[in-house]
Amino acid sequence: MAERPTVAVIGAGPAGLATLKALADAQVPAVCFDSGDRVGGLWVYGAPGSPAYRTLHLNTSKARTQFADHPMPADWPDYPDHGRIAGWLADYADRFALTGAVRLRHTVDRVVPERGDRWTVHADGPTGPTSVTVDAVVVANGHNRVPRAPDPVAGTSTAKQMHSHAYRSPEQLAGRRVLVVGGGNSAMDIAVDASYAAELTLLSLRRGVWVVPKHLLGRPSDTLNGALARRLPWRLRQRISQGMITAAVGSPTRYGLPAPAHGFLQDHPTLSDGLLSRLSHGEIHPRPGVAALDGDRVTFTDGRTDEVDLIIWCTGYRVEIPFLDPALLGDGADALPLYRHVFHPDVPGLTFVGLVQSTGAAFPLLEAQARLVAAHLAGRYVLPDPAGQHADIRAERRAATQRWGQRRPAMRVDFDRYLRQLGRELTAGSRRAARDEGRGALAGRDG
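Values in this document were obtained by computation on a predicted structure and should not be read as measured data. (Residues numbered from 1 in each chain as written. Predicted model: local features only at pLDDT ≥ 70, side-chain atom pairs only at ≥ 80, totals over all residues. Heavy atoms only, no water.)

1. As for the overall build of the protein chain
Our working rule: A run of H or I in DSSP becomes a helix once it reaches four residues, and a run of E becomes a strand once it reaches two; helices and strands are each numbered from the N terminus. Just to be clear, the radius of gyration here is over C-alpha atoms, and the globule rule we use is 2.2 Å times residues to the power 0.38. Under the scheme applied here, a residue whose accessible area is under 20% of the maximum for its type counts as buried, over 50% as exposed, and between as partly exposed, the area being computed with a 1.4 Å probe on protein chains only. The contact criterion used is simple: two residues touch if any of their non-hydrogen atoms lie within 4.5 Å. Where accessible areas are quoted, they stem from the Shrake-Rupley method and a 1.4 Å probe; at the residue level, only the protein chains shown are allowed to cover. Positive residues here are Lys and Arg, negative ones are Asp and Glu, while His and the chain termini are left out of the count. Charged side chains are reduced to one point each, which is NZ for Lys, CZ for Arg, CG for Asp and CD for Glu.
Per the secondary structure count, the protein chain includes 11 helices and 25 strands. Radius of gyration (C-alpha) of the protein chain: 23 Å, near the 22 Å computed for a compact globule of 447 residues. C-alpha atoms of the protein chain, sized along the principal axes, occupy 80 × 55 × 45 Å. Residue burial in the protein chain is summarised as follows: out of 447 residues, 54% are buried. Within the protein chain, counting contacts between residues at least 6 apart in sequence, those at least 24 apart form 67% of the total. A total accessible area of about 19700 Å² is found for the protein chain, and carbon and sulfur atoms account for 51% of it. Looking at charge distribution, the protein chain has the averaged site of its 52 positive side-chain charges lying 5 Å from that of its 45 negative ones.

2. Some remarks on the pattern of salt bridges
Note the cut-off: Think of a salt bridge as a Lys or Arg side-chain nitrogen and an Asp or Glu carboxyl oxygen that are within 4 Å of each other.
Taken as a whole and assessed by the stated rule, the structure comprises 21 salt bridges. Between Asp392 and Arg340 there is a salt bridge whose closest N-O contact spans 2.5 Å. Here Asp392 is found in helix α10 (residues 386-404), whereas its partner Arg340 is found in the loop between α8 (326-329) and β23 (350-352), with 52 residues between them in sequence. Here Arg340 falls in the buried class, since its relative accessible area comes to 11%. Linked through salt bridges whose partners overlap, the residues forming this network are Lys21, Asp25, Asp69, Glu367 and Arg371.

3. Quick word on empty space enclosed by the protein
Over the atoms rolls a probe the size of a water molecule, and in doing so it shows where empty space is left. To keep things clear, this is the line we draw: Note on definitions: the grid is 1 Å and covers protein atoms alone; a cavity is a set of points where a 1.4 Å probe fits but cannot get out; a pocket is an open set with protein on both sides within 12 Å along at least five of seven lines; lining residues have an atom within 4 Å of a point. Grid points are joined across faces, edges and corners, and a volume is the space filled by probe spheres set on the points. Throughout, the ten residues Ala, Val, Leu, Ile, Met, Phe, Trp, Tyr, Cys and Pro are labelled nonpolar, Asp, Glu, Lys and Arg are labelled charged, and all others, Gly among them, are labelled polar.
Applying the stated criterion to the full structure yields 6 cavities of 30 Å³ or more. Among the elements of the structure, α5 (221-229), α6 (234-249) and α11 (415-446) are those that each provide at least two residues to the lining of the largest cavity. In terms of residues, the lining of the largest cavity owes the most to one element, α5, which gives 5 residues. Its volume calculated, the second largest cavity comes out at about 90 Å³. Forming the boundary of the second largest cavity are Asp34, Ser35, Gly36, Asp37, Arg38, Gly41, Leu42, Ala47, Pro48, Gly49, Ser50 and Arg145. For the lining of the second largest cavity, the residue count by class is 3 nonpolar, 5 polar and 4 charged.

4. A few points about unusual backbone geometry
A positive phi angle, near 55°, is found at Ala97, a position not held by glycine. Structurally, the position occupied by Ala97 is in the loop between α3 (82-95) and β3 (102-103). The phi torsion at Arg408 lies on the positive side, around 50°, for a residue other than glycine.

5. Here's the deal with the side chain of Asp69
Position of Asp69 among the secondary structure elements: in the loop between α2 (62-65) and α3. Those residues in contact with Asp69 that lie beyond four places of it in its chain are Lys21, Tyr92, Arg95, Phe96, Glu367 and Arg371.

6. Quick word on the pairing of strand β7 (residues 136-139)
To keep it simple, the criterion reads: One requirement defines pairing of two strands: DSSP has to find at least two bridges between them.
Of the two faces of β7, both are covered, the one formed by Ala136 and Val138 as well as the one formed by Val137 and Val139. Across 4 bridges, strand β1 (residues 7-10) lies against β7 in parallel orientation. When the sheet's bridge partners are listed, Val7 is paired in β7 with Ala136. Bridging between β7 and β23 involves 3 bridges; their strand directions are parallel. Considered in β23, the bridge of Val137 is made with Leu350.

7. A short note on α6
Our working definition: Every helix has an expected span of 1.5 Å times one less than the residues it contains. As used here, the arc is the angular range of directions from the helix axis to the C-beta atoms.
Counted at 1.5 Å a residue, the expected span for α6 with its 16 residues is 22 Å, and the 22 Å between its end C-alpha atoms agrees. Taken together, the buried positions of α6 are Arg237, Gln238, Ser241, Gln242, Ile245 and Val249. In an axial view of α6, the angular spread of the buried residues amounts to 130°, which keeps them on one side of the axis. Within α6, the exposed residues directed more than 90 degrees away from the buried face are Arg239 and Ala247.

8. Some thoughts on the packing of aromatic side chains
So the rule is basically this: Centres within 6.5 Å make a pair out of two Phe, Tyr or Trp rings, where for Trp the six-membered ring is used; the pair is then stacked when the planes are under 30 degrees apart, edge-to-face when over 60, and tilted otherwise.
Overall, the coordinates contain 7 aromatic pairs when judged by the stated rule. Ring geometry for Phe67 and Tyr92: centres 4.7 Å apart, planes at 35°, overall tilted. Separated by 25 residues along the polypeptide, Phe67 in the loop between α2 and α3 and Tyr92 in helix α3 bring together distant segments of the chain. Residues Tyr92 and Phe96 carry aromatic rings whose centres are separated by 5.3 Å and whose planes lie at 70° to one another, so their mutual orientation is edge-to-face. Aromatic ring contacts, followed pair by pair, group Phe67, Trp88, Tyr92, Phe96 and Phe363 into a single cluster.

9. Some points on the layout of surface pockets
The calculated volume of the second largest pocket comes to roughly 440 Å³. Lining the second largest pocket we find 29 residues, and of these Glu396, Ala399, Ala400, Trp404 and Arg417 sit closest to its centre. Secondary-structure elements contributing two or more residues to the lining of the second largest pocket are α6, α10, β25 (412-413) and α11. For the lining of the second largest pocket, the element with the highest residue contribution is α10, accounting for 9 residues. For the lining of the second largest pocket, a count of residues per class yields 15 nonpolar, 3 polar and 11 charged.

10. Points about the environment of Ile10
You can see Ile10 is positioned in strand β1. Separated by 98 residues in the primary sequence, Ile10 and Val108 have C-alpha atoms spaced 7.5 Å apart. Apart from residues lying up to four places away in sequence, Ile10 is in contact with Phe33, Val108, Val111, Val137, Val138, Val139, Ala140, Asn141 and Phe323.

Here it is, written out as structure tokens:
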């Protein structure tokens, strides 16, 4: 690199690549560390630490998922598979000449603050330990790497048990009596896979979820919500969307699933075309929560018992940032109060891209966050004062808690609202920068 890097980006998945692109556009030199042997992060099937499985596809449509400056090919299906996405991300890195800034097979183990608001990033690479001292750090390493263990269940099981993070293909399910536990997208995908490969497929949900078909009225379902979001508040969108889903496929209880306790748009949507069909054909058997384990038998909260020989826990992931001092993370990475979900209000130079859970796609939000970070580091965007940042964070946390309850309110964002908010924030911060520059010029003349 011709210039000394002034920014270290941690992670070369979608968040890290979007950040490198934005920094390059802003002419801010950067270096990126990634533990993998190719860019793309969790979308690289078979890469160490990747949870991607053979049948994985986007659960948001390509039109709502693609980067604004790198659209997906027009002839692609509405919901591309992981191979296409990994290749598309690699093409993105090549197209914008990002790979030269990426140090692959480098695992960051420590990020240490230095005097003068600088940072030293320590990593272990193919030739041994290395370090770089920079003006700012962008944490973009994702939050779907560390499986969250299931809550304790009474008894013990002789069945094989695994987390969905270790699932790779339907061959692992062939001839088994499989219990899938969970209500997220991975759980639904794995249950559908099992319904074709396994001897028996059970799906256990302890709370209800809204299962959304991937197409409504002949269009990708998330594009309809996007059209409504430009005109209506989320509460009204919620009523309209729930009505459309119920009209199209009926209530979840019609398929033996528990009724959702929360309204649509108050949790990450679960999209599946196959699940409801396999339930209605009797190929997936719904069950409530797991109450107890006893050898090869599982007892559920309604008193029913079933024999199983494989339990797949689809219990999500813990948000961990092990290379940062825990003191910087307060109550934990998933509760970290960040201004606009990006800037640490008390630690200059520490920013985050991708530490959000969206009601829709992630990639456009990463792109918008990255542009905000790049503008700030280039001096073209100025943050509010710390007191203003904290006040805004508190207000957002209250609103998020009212909408999503205690399910990670610090990370929750409404896709459409947040995307608009980041655009307005960039404009407002640019005005603050221009105002400060004008004051400085005036002070210079007065001097």
